[in-house]
Amino acid sequence: MIIREITQQDNAAIKKIIQDSLSSLGLAIPGTAYFDPQLADLHQYYNNLSQAKYWIVERDGEVVGGVGIAPFDEQAKICELQKLYLSPQAQGLGLANQLMERALAYAADHYAACYLETTHALEAACRLYEKFGFTLLTEPLVGSEHSAMNAWYLKPFNQ
């Protein structure tokens, strides 16, 4: 298992993982990452942002998931944890924990807090976020783009 930064060659595989995952949950709807315009070229999207990265997890030479950190509110030094998805065969192996550790270590070096949006229907994901110190908010932060999400979390970093 390898966690590394995304390359151009990973774009199609991670897009498929994200869209298949959302489809399987009935979330291939507007207001989710399924329709994000940057989904077809995450490599370029994250490389063109300041203080942003997307990591791929590769198992036996195959892309099986990923996670990203991107600016959310630069003035308040808040980033967003984005697009944490694993293929079905990669779930339950502790890879989400490893991706979270990598992403949050990077985020803590560049930001004061990390925000994320999800849905209460993703119970395992919500438990994971809470395990990593995220607190459930009562409403999204201003600037939220995923209107179909109904769970918003924030994790401050000790700076």
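Just above sits the structure.
Presented here is a report on the structure given in the accompanying data block. In this numbering scheme, every chain counts its residues from 1 along its sequence in written order. At least 70 in pLDDT is required for a residue's local features to be given in this predicted model, at least 80 for side-chain atom pairs to be given and counted, and no such filter applies to totals for whole chains, interfaces and linings, which use all residues. For the side-chain quantities, the full set of heavy atoms in the structure was used; hydrogens and water were omitted.

**Topic: the overall build of the chain**
So the rule is basically this: Secondary structure elements are defined from DSSP: runs of H or I of at least 4 residues count as helices, runs of E of at least 2 residues count as strands, and each element is numbered from the N terminus. Computation of the radius of gyration draws on C-alpha atoms alone. For the globule rule, the value is 2.2 Å times the number of residues to the power 0.38. Three labels apply to residues, based on accessible area from a 1.4 Å probe with only protein chains included: buried if under 20% of the type maximum, exposed if over 50%, partly exposed otherwise in between. Throughout, a residue-residue contact means that at least one pair of heavy atoms, one from each residue, lies within 4.5 Å. What sets the accessible areas is the Shrake-Rupley method with a 1.4 Å probe; for residues, cover comes only from the shown protein chains.
For the chain, the helix and strand inventory stands at four helices and seven strands. The secondary structure elements of the chain, listed N-terminal to C-terminal, are β-α-α-β-β-β-α-β-α-β-β. Over its C-alpha trace the chain gives a radius of gyration of 14 Å, about what one expects of a compact globule, namely 15 Å for 159 residues. A total of 159 residues make up the chain; the buried ones form 48% of that total. Long-range contacts, defined as pairs at least 24 residues apart, comprise 64% of the intrachain contacts of the chain with a sequence gap of at least 6. Of the accessible surface of the chain, which amounts to about 8,100 Å², a share of 49% is contributed by carbon and sulfur atoms.

**Examining the packing of helix 3 (residues 95-110) against helix 4 (residues 123-131)**
A pair of packed helices can be characterised by two numbers: the angle between their axes and the separation between those axes. Heads up, the rule is: Interaxial angle, 0 to 180 degrees, is taken between N-to-C directions of lines fitted to C-alpha atoms, where a helix line uses only the stretch in contact. In what follows, roughly perpendicular refers to angles from 65 to 115 degrees, roughly parallel to angles under 35, roughly antiparallel to angles over 145, and oblique to any angle outside these ranges. The sense of a crossing depends on the near helix, which, turned anticlockwise from the far helix by less than a right angle, makes the crossing left-handed and, turned clockwise, makes it right-handed.
Contact geometry of helix 3 with helix 4 gives a least axis separation of 11 Å together with a crossing angle of 45 degrees. Classified by the interaxial angle, the pair formed by helix 3 and helix 4 is oblique. The two elements helix 3 and helix 4 cross, and the hand of that crossing is right-handed. Residues A96, N97 and M100 of helix 3 touch helix 4, and the partners they reach there are L128, Y129 and K131.

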